[in-house]
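Chain and residue survey
Residues per chain are reported as follows:
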Amino acid sequence: MEFTAEQIAQLIQGTIEGDPQAKVNSFTKIEDGKPGAISFLANQKYLNFIYDTKSSVVLIDEGIKLEHPVKATLIRVKSAYEAVAKLMQMYASMKPKKKGIDSLAFIDPTAKVGKDCYIGPFVAIGPGVTIGDGCVLHPHVTIGEKATVGNNTEIYSNAVIYHDCKVGSNCILHAGCVIGADGFGFAPTEHGYDKIPQLGIVVIEDDVEIGANTCVDRSTMGCTCVHHGVKLDNLVQIAHNTVIGANTVMSSQVGIAGSTKVGEWCMFGGQVGIAGHITIGNHVQLGAQSGVPSSIKDGESLIGTPPLSMTNYFRSQAVFKRLPDMYRQMNEMQKTIDELKKQIKENV
């Protein structure tokens, strides 16, 4: 598929600087530009690349000023990052979707599969399962008994949805993710640990994306719930009976312990760890590797263990670096004080 700069500008309400008939048929990073490609510039750190890029068209933020002429045709927009994301979504949607059921797939006779689905080889769909219209199940996906999947959901290879769990419409489940494995529930006894049966389910609402090898555990009772619009990166752990609020995003290796409630529109950096049985408010931002032992109010932006405000955290880090010197100075002061006390005592 090929588009002109003029066509692209109309789609994203941009302003052209250069040749409106410049044609593109692929995307590439601005530093790896090539003829026929479209790139974007949203960060001043990459400004120097625009003068030498070989890309035919570059999307650029309105506020970025250039010091020299450029060879590429520019399309100025409010947010180049948002504009390129929109174009890539359009491009992906134009690709023809696979349809049909492979002869090597297993579908239980009691399962229901909607219209225009693709079921790849070695997919296993259990008894009483319901699959919505337009779904794409890549090879080796497993859907357990009485589980449900909404419309237009795509599930990549080796992902597993356990029995009775529910996945909504327009979701993406990446390779190896597991929905509905048992929560980590054991009762200590004098002989070891007795397993507590995990009798609940997982509910994944619409427009959720779950990364590769991410696990969302089923609840002990009731449900573990991931609300609509949530985006989970690879290697995230959501424990039993946890609730994740709408439009919250989590980077890789975040771990949420059991029975925790996370609010809407939260953003968690990589390797954030959150204790169980607490509540995280709405619009909370947590920096990478933060450890959260207790509840957090709405709108907080924190980092560290236990988490502090960004300002206090970086001030504390600056002091922490000086601790060896401060400790040495404190010992010297203590020696001086001890000597003065001794002299005073001798003179009394």
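Residues numbered from 1 in each chain as written. Predicted model: local features only at pLDDT ≥ 70, side-chain atom pairs only at ≥ 80, totals over all residues. Heavy atoms only, no water.

Points about the overall build of the protein
For clarity, the cut-off: Runs of E in the DSSP output that reach at least two residues are strands. Runs of H or I that reach at least four are helices, and both are numbered from the N terminus. With the radius of gyration taken over C-alpha atoms, the globule rule is written as 2.2 Å times the number of residues to the power 0.38. Residues count as neighbours in contact if any of their non-hydrogen atoms are within 4.5 Å of one another. Calculation of accessible area relied on Shrake-Rupley with a 1.4 Å probe; when residues are assessed, cover is drawn exclusively from the protein chains displayed. Neither His nor the chain termini are counted; the positive set is Lys and Arg, and the negative set is Asp and Glu. To locate a charge, take NZ of a lysine, CZ of an arginine, CG of an aspartate or CD of a glutamate.
Helices and strands together make up the secondary structure of the protein, namely 4 helices and 40 strands. Relative to the 2.2 N^0.38 estimate, which gives 20 Å for 348 residues, the radius of gyration of the protein is 28 Å and therefore markedly larger than a compact globule would have. The long-range fraction of contacts in the protein, counting pairs at least 24 apart against all pairs at least 6 apart in sequence, stands at 17%. A total accessible area of about 19,500 Å² is found for the protein, and carbon and sulfur atoms account for 55% of it. Between the mean site of the 31 positive side-chain charges and the mean site of the 35 negative ones, the protein shows a separation of 4 Å.

Examining the pattern of salt bridges
Applied cut-off: Throughout this description, the term salt bridge denotes a Lys or Arg side-chain nitrogen within 4 Å of a carboxyl oxygen of Asp or Glu. Exposure is judged per residue with a 1.4 Å probe applied to protein chains only, and the accessible area is read against the type maximum: over 50% gives exposed, under 20% gives buried, and values in between give partly exposed.
The final tally for this structure, using the stated rule, is 6 salt bridges. For the salt bridge of Lys29 with Asp32, the shortest nitrogen-to-oxygen distance reads 3.7 Å. Between Lys195 and Asp182 there is a salt bridge; the shortest N-O distance is 2.9 Å. Of this pair, Lys195 sits in strand β23 (residues 192-195) while Asp182 sits in the loop between β21 (178-179) and β22 (186-189), and the two are 13 residues apart along the sequence. Exposure remark for Asp182: the relative accessible area of 36% places this residue in the partly exposed category.

Examining the sheet that holds strand β40 (residues 308-309)
Adjacent strands of a sheet pair through backbone hydrogen bonds, lying either parallel or antiparallel. Operational definition: Pairing between strands is defined by DSSP: at least two bridges between the two strands are required.
Within the open sheet, the 12 strands sit side by side as β8-β11-β14-β17-β20-β25-β28-β31-β34-β37-β39-β40. Their pairing is mixed. Strand pairing shows two members of the sheet lacking a second neighbour, β8 (100-101) and β40, which therefore form its edges. Inspection of the sheet shows β8 paired to strand β11 (residues 118-119) by 2 bridges, in the parallel sense. Each residue of the ladder has a partner; that of Gly100, found in β11, is Tyr118.

Quick notes on the pairing of strand β27 (residues 223-226)
When strand β24 (residues 201-204) meets β27, the two strands line up parallel, connected through 4 bridges. Of the residues in β27, the one forming a bridge with Ile204 is Val226. Bridge count between β27 and strand β30 (residues 243-244): 2 bridges; the pairing is parallel. Its bridge partner being in β30, Cys225 is matched across the sheet by Val243.

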